[in-house]
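Okay, here's what each chain looks like letter by letter:
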Protein chains: 2
Amino acid sequence: MMIKEQLGSRAAVVESYLKAAMKDRGIPARLHASMEYSLLAGGKRLRPVLTLSWAQMLGEATITDAVMPFAASLECIHTYSLIHDDLPAMDDDDLRRGKPSNHKKFDEATAILAGDGLLTEAFGLMSTASIVKGLPADRVLRAIAVLAHAAGASGMVGGQAVDMELTGGTSVALEQLRIMHAMKTGALITAACECGAILSGSTEADIENAREYGQAIGVAFQIVDDILDVVSDTETLGKPAGSDEAMGKSTYPALIGLDKSKALARRHVDSALERLTTYAGAEHQFLADLARYIVDRVY
Amino acid sequence: MMIKEQLGSRAAVVESYLKAAMKDRGIPARLHASMEYSLLAGGKRLRPVLTLSWAQMLGEATITDAVMPFAASLECIHTYSLIHDDLPAMDDDDLRRGKPSNHKKFDEATAILAGDGLLTEAFGLMSTASIVKGLPADRVLRAIAVLAHAAGASGMVGGQAVDMELTGGTSVALEQLRIMHAMKTGALITAACECGAILSGSTEADIENAREYGQAIGVAFQIVDDILDVVSDTETLGKPAGSDEAMGKSTYPALIGLDKSKALARRHVDSALERLTTYAGAEHQFLADLARYIVDRVY
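Going by the annotation in an unreviewed UniProt entry, the name recorded for chain A is Polyprenyl synthetase, with Pseudodesulfovibrio piezophilus given as the source organism. UniProt, in the comment section headed Sequence similarities (unreviewed entry), describes chain A in these words: "Belongs to the FPP/GGPP synthase family."

Participant: Can you walk me through the interface of chain B and chain A in this structure?
Facilitator: The interface is formed by 46 residues belonging to chain B together with 46 residues belonging to chain A. Taken together, both faces of the contact between chain B and chain A bury some 3400 Å²; the carbon and sulfur share is 78%. Three residues, Leu113, Thr120 and Leu141 of chain B, lead the burial of chain B against chain A; their summed loss comes to 17% of the area buried on that side. On the surface where chain B and chain A come into contact, there are 0 salt bridges. Those elements that provide at least two residues to the side of chain B that touches chain A are helix H2 (29–39), helix H4 (63–86), helix H6 (108–131), helix H7 (137–151) and helix H8 (156–166) of chain B. Here the element with the most residues in the side of chain B that touches chain A is H6 of chain B; it accounts for 14 residues. Residue classes in the side of chain B that touches chain A are distributed as 27 nonpolar, 11 polar and 8 charged.

Participant: What am I meant to see in the packing of aromatic side chains here?
Facilitator: Any pair of aromatic rings gets described here by the distance separating the centres and the angle formed by the planes. Taken as a whole, this structure holds 7 aromatic pairs over all chains when the rule is applied. Measuring from ring centre to ring centre gives 5.4 Å for Trp54 of chain A and Tyr213 of chain A, while their planes differ by 65°; the resulting arrangement is edge-to-face. Of this pair, Trp54 of chain A sits in helix H3 (residues 46–58) while Tyr213 of chain A sits in helix H10 (residues 204–231), and the two are 159 residues apart along the sequence. Judged by relative accessible area, which is 0%, Trp54 of chain A ranks as buried. Considering the side-chain rings of Trp54 of chain B and Tyr279 of chain B, the 5.9 Å spacing of their centres and the 85° angle between planes classify their relative orientation as edge-to-face. Highlighted residues: Trp54 of chain B in helix H3 (residues 46–58) and Tyr279 of chain B in the loop between helix H14 (258–274) and helix H15 (282–296), separated in sequence by 225 residues. Feature note: the residues Trp54, Tyr213 and Tyr279 of chain A constitute an aromatic cluster, connected by ring pairs. Sitting over the face of the ring of Phe286 of chain B, Arg10 of chain B holds its NZ or CZ atom 3.6 Å from the ring centroid.

Participant: Where do I start with the pattern of salt bridges in this structure?
Facilitator: Opposite charge on two side chains allows them to pair when their charged atoms are near. All names here are of chain A. A complete count under the given rule lists 28 salt bridges over all chains for this structure. Where Glu121 meets Arg25, a salt bridge forms, and the shortest distance between an N and an O atom there is 2.6 Å. Within this pair, whereas Glu121 is found in helix H6 (residues 108–131), its partner Arg25 is found in the loop between helix H1 (3–21) and helix H2 (29–39), the two being separated by 96 residues in sequence. A residue is classified by how much of its surface remains accessible, and Arg25, at 27% relative accessible area, is partly exposed. Linking Arg292 and Asp289 is a salt bridge whose minimum nitrogen-to-oxygen distance equals 3.2 Å. A residue pair is termed a helical-turn pair when its members lie 3 or 4 positions apart in one helix, as Arg292 and Asp289 do in helix H15 (residues 282–296) at 3 residues. By relative accessible area, Arg292 is classed as partly exposed at 37%. A relative accessible area of 21% means that Asp289 is categorised as partly exposed. Salt bridges linked by common partners bring Glu15, Arg45 and Glu75 together as one network.

Parameters at a glance
- Residues numbered from 1 in each chain as written.
- Chains lettered and ligands numbered in written order.
- Predicted model: local features only at pLDDT ≥ 70, side-chain atom pairs only at ≥ 80, totals over all residues.
- Heavy atoms only, no water.
- UniProt positions renumbered as here; feature names shortened; annotations may be inferred.
- Contact = heavy atoms within 4.5 Å.
- Buried area = accessible area lost by both parts, 1.4 Å probe.
- Salt bridge = Lys/Arg side-chain N within 4 Å of Asp/Glu carboxyl O.
- Helix = DSSP H or I, 4+ residues; strand = E, 2+ residues; numbered from the N terminus.
- Nonpolar A, V, L, I, M, F, W, Y, C, P; charged D, E, K, R; others polar.
- Phe/Tyr/Trp six-rings, centres within 6.5 Å; stacked < 30°, edge-to-face > 60°.
- Buried < 20%, exposed > 50% of the residue type's maximum accessible area, 1.4 Å probe, protein only.
- Lys NZ or Arg CZ within 6 Å of the ring centre and 35° of its normal.

Right under this line is the structure:
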């Protein structure tokens with residue numbers, strides 16, 4: 001199976017878990033509809049897939065079932081961040097994945113609360129990885145700490161704050177851009193891999209490999225995103241193409257050109273692959289293919 | 001010491017822990033300032049104080065130091081909810097505790113992110129109650145699950161969504177008002193007590209007493225809040241008096257009158273006191289005085 005199909009079938013498993021997890025939770029109807037609208041709007045489910053794959057590569061055969069609630073929580077966090085980023089006070093985006101963004105489909109108050117709800121439910125889901133699925137509580141708590149740090153004010157939330165400050169301002173240095181992206185998108189992708197390793201009960205060396213792999217593909221992923229915003233059309237992207245430039249956002253292509261951006265993305269994929277050399281088997285193959293696939297999208 | 005002074009001195013301990021906990025966390029400057037602005041803006045610190053007191057009444061002598069990060073996390077969650085509730089898309093409040101609300105002092109985007117940051121950091125703090133302070137991981141995970149449920153879409157966040165739906169609409173039944181408040185403010189106060197009992201390693205019977213005590217004072221607290229909005233002036237409240245009525249919000253005094261509201265609050269305080277009859281000592285006295293103090297504020 002090609003990587004794209006593999007990704008798709010793994011995403012479908014995550015999707016059906018998410019669907020079931022959101023059911024019958026005593027959530028007011030409109031709020032529930034708003035949360036589901038964004039959570040089940042498709043997407044690659046990259047973060048949960050990374051958590052599951054690292055856990056499966058390093059852990060026992062049955063680990064993925066136990067890790068699933070934790071993996072799914074990463075998609076809740078990712079989705080909440082998209083909902084809040086799209087708000088009028090933030091990026092003011094009307095479209096997300098080809099559909100009206102959450103506050104356009106519902107309203108601003110509901111969109112803020114749907115984001116808050118998804119973020120909070122995420123930590124509830126994480127706890128069930130131990131309480132319901134039986135993973136050791138200390139592993140799950142360590143993973144919660146890692147994820148809270150990655151998603152919080154010194155990670156993803158902080159990255160969005162820095163992005164808002166940089167947007168529309170005067171020229172941004174490459175180093176500023178790198179740090180902003182490392183916080184805004186890199187931290188959560190890195191944590192996805194690291195938590196997979198932590199939850200499988202791995203050694204510190206394995207956990208470090210997961211973290212470094214995640215960091216490297218996180219950078220590659222962001223550069224490719226910047227490139228696609230320049231070279232794609234609106235239909236392919238599911239959001240307005242060229243919106244970064246229109247918003248006055250600094251991008252890798254704008255700062256160092258298209259060719260150098262591609263080369264930089266490729267270098268980071270190579271770094272990610274180096275972190276996989278000590279492993280073998282199907283999951284090793286999947287994680288290597290996934291790293292290559294990120295950058296292949298722009299060729 | 002009178003209950004008001006006791007509350008004040010306990011709040012000061014929580015405040016100084018919160019101040020230290022927010023330091024040197026690699027949070028972008030403006031976001032950090034915004035989070036601190038609301039988190040350290042005073043307030044009774046009722047939720048952390050409840051967690052600490054229940055833990056101390058039921059646990060070992062040294063338990064409060066270990067429970068402190070978890071207790072402090074409740075104030076982070078409470079503060080984030082106030083910041084988001086004040087936003088223009090929600091209650092559109094310009095004042096909070098006598099000072100400009102977060103989005104007035106900073107801006108809307110920063111206020112949204114400060115709330116997101118505080119909510120996420122809260123779960124990081126909870127995990128350190130085990131990772132740094134050594135509480136058993138399974139206790140902390142159970143408390144995290146309770147708190148995520150209470151603060152999430154079927155609890156506090158859901159309550160705000162229901163409140164938005166009810167505001168300005170046609171007449172609201174007392175039962176709808178009760179359910180909305182139970183979600184919006186009751187759930188977090190209840191969880192504060194329950195988590196204190198859980199973290200101290202108590203029996204299920206003790207945990208139930210903590211939960212029921214919390215539920216009862218939560219209802220009393222909300223009724224009193226409604227009453228104060230009617231009978232107080234703006235200076236005492238720190239926000240515009242009569243704003244509930246102006247916003248078209250249903251309140252207990254509006255639905256059942258002032259006298260019946262006071263009597264209802266008192267009945268709930270009595271229920272709370274019943275849950276304390278099997279305990280003794282200084283913390284028992286404090287929790288009983290606190291329950292009485294809530295309703296005494298309106299006499």
